[in-house]
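In case you want the letters, here they are:
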Amino acid sequence: MCSIIVRKTGRKSEEIDYFCKFSVLQARYWIMEATEAGKLIISLRNQIEENNRRYYVDNAPVISDYDFDQLLYRLAELERQFPQFDSPDSPTHHVGSDLQSGSQRFARRAHKYPMLSLGNTYSMEEVEEFAARAARIIDTSFTYSCELKFDGAGISLTYRHGRLVQALTRGDGVVGDDVTVNIRKIKGIPHTLHGSGYPDDFEIRGEILMPFDSFDRLNKEREDAGEEPFANPRNAASGSLKLLDSEEVGRRGLMCTLYHIPSQDITGQEGHYQALDAAASWGLPVSDKRKLCSSIEEIKDYITYWDTERKLLPYATDGVVIKINSLEHQRELGYTAKSPRWAVAYKFKAEEALTKVLSIDYQVGRTGAVTPVANMEPVFLSGTMVKRATLVNEDFIRSFDLRIGDTVKVVKGGEIIPKIIGVDLSSRPADASVPVFPSVCPDCGTPLIKEADQARWYCPNASSCPTQIKGRLLHFLSRKAMNVLCGEATIDQLYDRGFVRRPSDFYQLQMRQLMSLEGWKEKASTRFLNSIDASRKVGFDHVLFALGIRYVGQTTAAMLAVKFGSIDALAAASYEELKDVEDIGETMARSIYDYFRNEAEIAEIERLKAAGLQFEMKSDAATEKASDVLAGMTVVVSGTFALSRDEMKALVTAHGGKAASGVSGKTSFLLAGEKPGPEKVKKAGELGVRIMSEEEFMALIGKGNNKEDNKEEEAFPEDLFGGMI
Ligand code: IVH
């Protein structure tokens, strides 16, 4: 038997039962001051939005679902305790979004009915509470449909007159990407239904999955080609759906399983389970692992059985979904803004494994932060072989008293790099060595520093540490900045040959320089130069973001660009003027102010101006990027925004939508700024109308995005908890 110790840092401990942890938390909240709570709420919202983006948009999550759910629970609890801070745009009130801002690949279309999420639980007690709550409302006996919770990419298919006419990704729940061409290439999804009795026009929803064998094959191919492997089958499925080459989608070995027909679209069926049986009879792929249960004991048996048995399935599942079966009862129970009241998801705990730490690497990030990473004996975990785990920072290593040679317990959540959650002291070898955190930067040799309130060591040599310079160059070209397709390997080549040291150098690159790089031919060189050239037209808001001013993310950059109109006006702003701008706090104002007082930065801006980049907002900026993304939608605008309300309405119209004044059943969503009209919010809640934040709206119309903002460093699990518990 091995005795696993868990960290006793006063932070998060996976081993403590969630509910026990929760009550400790609650006790802390009671004595927490409102201002502290307010700050924590903002921090949690930022972390959640950031992780939503990493999960849904980048397909590269950095925390496990469990840790994500914990963040949401904490936020929900804080908002409950401090209702003065609750806000309609909190992520507790809306689902994450897989929509990519910037260059749009697929047409976006509104879902006929919003694609919602599910309430999650990790405890049997909460499943019991769910059943008890339903029993209080439903006054007859009823049954539950128990199903597996498939871990893939959500999809909504529309069949009209028996033919597949549309497939939308979940998107942000209101609008999704139209990936019909890709869906038609996936085996098992019928283009035409057979049998009879299907509705004339209906939607059916489910999940696109990448089975483990396809996943392993794809990742091997990617690694052989020097590409980044996918973190897990879910990300691989989601990434594959967004490919432009539908033939390649067909080759990826994806599968589909369908589990939900919105009750409005079902005719002549008594319950959800029977509706899915009917769908199967029309040739649609429906799981045969479903079970009708009539008691909590049967539900528990189903959960226990599949918690073990799922390890033998060829695809990923992450829990069980329990649904009240009767459609009439479902209608009676209805929805919250985010999820149905007639269903709950019980999530399985992440799998764990024991392995040995062989050595530790110290990696420098683009902001200079140094992260220790453990190299371990390879171990099989959740369908894949793992050999590296993040050690977060020096305190993290200390909290376990981790030694090289120790046997550790690792879990793999959503992230590609698993994390260590415990050390087996009983099997520590006599020669286990205490890791020595480097005192100098492993890249440039500069002595590392640590600020008083920070847990991480930093390399302060921002101006000449190669890793940091390369990180900033990569950021400058990134999709949401100058939008030039360029990977780390290219930056390495350009840097190592001395061709680029600062962003303006990209605009001096010559064809012959690129052609001299290993593996570069004429076609790739021309494409790269054309792309650099095209970036001269990228709008001022993106250029401002590309500059990489500390704390100025994409949303802030867009807002500052609109507010000040030009780089000169922004550079001339006093600290007070900056601080008075809504949403700009002292730290950000100081950072922006200092940036424009730094001679090296000013000189670089001058070089970029000379290269022809946009440093002024076009006068018709509000309507410049008009699209039809809001076609057919009626939007109610309420509250205050960075732009005036009239400008926001103009944006709605410019993107094909209709601005209306009152919330009704016809409203597609309520666009809520600061202090939206309480009546409108209440009505939206009653009618199940989606409430959208300014930020989400900006992301939707492609002018801004979620939270690249304030993303100064890779978010690691422990940082996300900010020492709360
Ligand atoms: S029913 C109104 N059933 O899990 C929501 N969802 O975490 C109806 N999911 O958004 C969804 N397996 O994408 C349902 N058997 C299942 C599912 C399932 C996976 C997904 C779905 C949902 C997400 C929530």
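First, a word on scope: everything that follows refers to the structure included in this document. (Residues numbered from 1 in each chain as written. Predicted model: local features only at pLDDT ≥ 70, side-chain atom pairs only at ≥ 80, totals over all residues. Heavy atoms only, no water.)

1. Structural notes on the state of the cysteines
Evaluated as defined, the whole model comprises zero disulfides. No disulfide involves Cys 146; its nearest neighbouring cysteine sulfur is the one of Cys 293, lying 3.7 Å away. (Disulfide = S-S within 2.5 Å.)

2. Considering unusual backbone geometry
Despite not being glycine, His 161 has its phi angle at roughly 50°, a positive value. For His 161, the location among the structural elements is in the loop between β5 (153-160) and β6 (163-169). Positive phi, close to 65°, is recorded for Val 392, a residue that is not glycine. With respect to the element layout, Val 392 can be found in the loop between β15 (384-390) and α12 (394-400). (Helix = DSSP H or I, 4+ residues; strand = E, 2+ residues; numbered from the N terminus.)

3. Looking at the packing of aromatic side chains
Counting across every chain of the model gives 18 aromatic pairs. On the basis of an interplanar angle of 80° and a centroid distance of 5.1 Å, the ring pair of Phe 396 and Phe 400 is categorised as edge-to-face. Here the residue Phe 396 and the residue Phe 400 both occupy positions in helix α12, the gap between them amounting to four residues, near one helical turn. Residue Phe 396 is classed as buried on the basis of its relative accessible area, which comes to 4%. Both rings, one in Phe 540 and one in Phe 615, keep their centres 6.5 Å apart while their planes meet at 55°; by these two values the pair is tilted. Here the residue Phe 540 occupies a position in helix α17 (residues 540-546), and Phe 615 occupies one in the loop between α22 (599-610) and α23 (621-624), the gap between them amounting to 75 residues. For Phe 540, a relative accessible area of 1% puts it in the buried group. Residue Phe 615 is classed as buried on the basis of its relative accessible area of 7%. Through a chain of ring-to-ring contacts, three or more aromatic side chains come together here, namely Tyr 159, Tyr 198, Phe 202 and Trp 282. Across the ring face of Tyr 273, the terminal group of Arg 290 is positioned such that the distance to the ring centre comes to 4.5 Å. Directly above the aromatic system of Tyr 593 lies the positively charged group of Arg 597, at a separation of 3.8 Å from the ring centroid. (Phe/Tyr/Trp six-rings, centres within 6.5 Å; stacked < 30°, edge-to-face > 60°. Buried < 20%, exposed > 50% of the residue type's maximum accessible area, 1.4 Å probe, protein only. Lys NZ or Arg CZ within 6 Å of the ring centre and 35° of its normal.)

4. Details of the pattern of salt bridges
Scanning the entire structure with this criterion turns up 36 salt bridges. Across the pair Arg 290 and Asp 277 runs a salt bridge whose closest N-O atoms are separated by 2.7 Å. Here Asp 277 lies in helix α9 (residues 272-281) and Arg 290 lies in the loop between α9 and β10 (291-293), a separation of 13 residues in the sequence. Across the salt bridge formed by Lys 609 and Asp 568, the nearest N and O atoms sit 2.9 Å from each other. Pair noted here: Lys 609 is in helix α22 and Asp 568 is in helix α19 (residues 567-572), with a separation of 41 residues, a long-range link. Judged by relative accessible area, Lys 609 falls into the partly exposed class, the value being 27%. Residue Asp 568 is classed as partly exposed on the basis of its relative accessible area of 47%. Connected through salt bridges with shared partners, the residues Lys 112, Arg 160, Asp 201 and Asp 265 form a single ionic network. (Salt bridge = Lys/Arg side-chain N within 4 Å of Asp/Glu carboxyl O.)

5. Comments concerning the sheet that holds strand β12 (residues 343-347)
Across the sheet, five strands lie side by side as β3-β12-β11-β4-β10; this open sheet has mixed pairing. Edge strands, defined here as strands with exactly one partner in the open sheet, are β3 (120-121) and β10. In this structure, strand β4 (residues 144-150) lies alongside β10, joined through three bridges in antiparallel fashion. Bridge assignment links Tyr 144 to a residue of β10, and that residue is Cys 293. Across the face of the sheet, α9 comes into contact with β4, β10 and β11 (317-324) while running at roughly 60° to β4. (Pairing = 2+ DSSP bridges. Contact = heavy atoms within 4.5 Å. Axes fitted to C-alpha atoms, helices over the stretch in contact; angles between N-to-C directions.)

6. A few points about the site of the ligand
Leu 148, Phe 150, Arg 170, Tyr 259 and Lys 323 are the nearest of the 13 residues found near the ligand. Leu 148 places a polar main-chain atom, nitrogen or oxygen, 2.9 Å from a nitrogen atom of the ligand. Within the complex, the protein chains bury 91% of what would otherwise be the 530 Å² of accessible surface of the ligand. The set of elements that each furnish at least two residues to the shell around the ligand consists of β4 and β11. (Near = heavy atom within 4 Å. Polar contact = N/O pair within 3.5 Å; in protein donor to acceptor, adjacent residues only side chain to side chain. Areas by Shrake-Rupley, 256 points an atom, 1.4 Å probe, with all protein chains shown as cover.)

7. Remarks on the packing of helix α13 (residues 466-477) against helix α14 (residues 488-496)
Contact geometry for α13 and α14: axes closest at 10 Å, N-to-C directions at 125°. The pairing of α13 with α14 is recorded here as oblique in orientation. When the axes of α13 and α14 are compared, the crossing they make is right-handed. Every residue of α14 that contacts α13 at Pro 466, Ile 469, Lys 470, Leu 473, Leu 474 and Leu 477 is listed here: Glu 488, Ile 491, Asp 492, Tyr 495 and Asp 496. Within the contact of α13 with α14, the residues separate by chemical class into seven nonpolar, no polar and four charged. (Parallel < 35°, antiparallel > 145°, perpendicular 65-115°, else oblique. Left-handed = near helix turned anticlockwise from the far one by under 90°. Nonpolar A, V, L, I, M, F, W, Y, C, P; charged D, E, K, R; others polar.)

8. Observations concerning the pairing of β4
Within a regular beta strand, the side chains point alternately toward one face of the sheet and then the other, so they alternate between its two faces. By the criterion of burial, β4 is predominantly enclosed, with seven of the seven residues buried. As paired elements, β4 and β11 share seven bridges and run antiparallel to each other. Following the sheet pairing, Lys 149 is matched in β11 by Gly 319.

9. Points about the sheet that holds strand β9 (residues 255-260)
The strand order β6-β5-β8-β9 describes an open sheet built from four strands, whose pairing is antiparallel. Either end of the sheet is taken by a strand with one partner, and the two such strands are β6 and β9. Averaged over all adjacent pairs, the angle separating strand axes in this sheet is 35°, with direction ignored. As paired strands, strand β8 (residues 201-209) and β9 are joined by five bridges and run antiparallel to one another. Bridged to Leu 209 within β9 is Met 255. Running at roughly 45° to β5, helix α7 (residues 233-241) makes contact with β5, β6 and β8 of the sheet. Those strands touched by α9 are β8 and β9, and its axis lies near 145° from that of β9.

10. So, the packing of helix α4 (residues 124-137) against helix α10 (residues 296-309)
Packing of α4 against α10 brings their axes to within 11 Å, and their N-to-C directions diverge by 145°. Classified by chirality, the crossing of α10 by α4 is right-handed. Facing α4, whose interface residues are Met 124, Val 127, Glu 128 and Ala 131, α10 presents Ile 296, Ile 299, Lys 300, Ile 303 and Thr 304. Residue composition of the contact of α4 with α10, grouped by class: six nonpolar, one polar and two charged.

11. What about the environment of Asp 172?
Counting through the fold element by element, Asp 172 comes out in the loop between β6 and β7 (175-177). Of note is the side chain of Asp 172, whose polar atom sits 2.9 Å from the backbone nitrogen of Val 174.

12. Some details on the nonpolar core
Of all hydrophobic cores here, the largest spans 54 residues; its most connected members are Phe 506, Phe 528, Leu 544 and Ile 592. Not counting chain neighbours up to four residues away, the residues in contact with Phe 506 comprise Leu 473, Phe 476, Leu 477, Ile 491, Leu 494, Val 500 and Ile 532. Counting 36 residues, the second largest nonpolar core, distinct from the first, contains Met 210, Cys 256, Ala 279 and Val 286. (Core = buried A, V, L, I, M, F, W, Y, C linked by side-chain atoms within 4.5 Å.)

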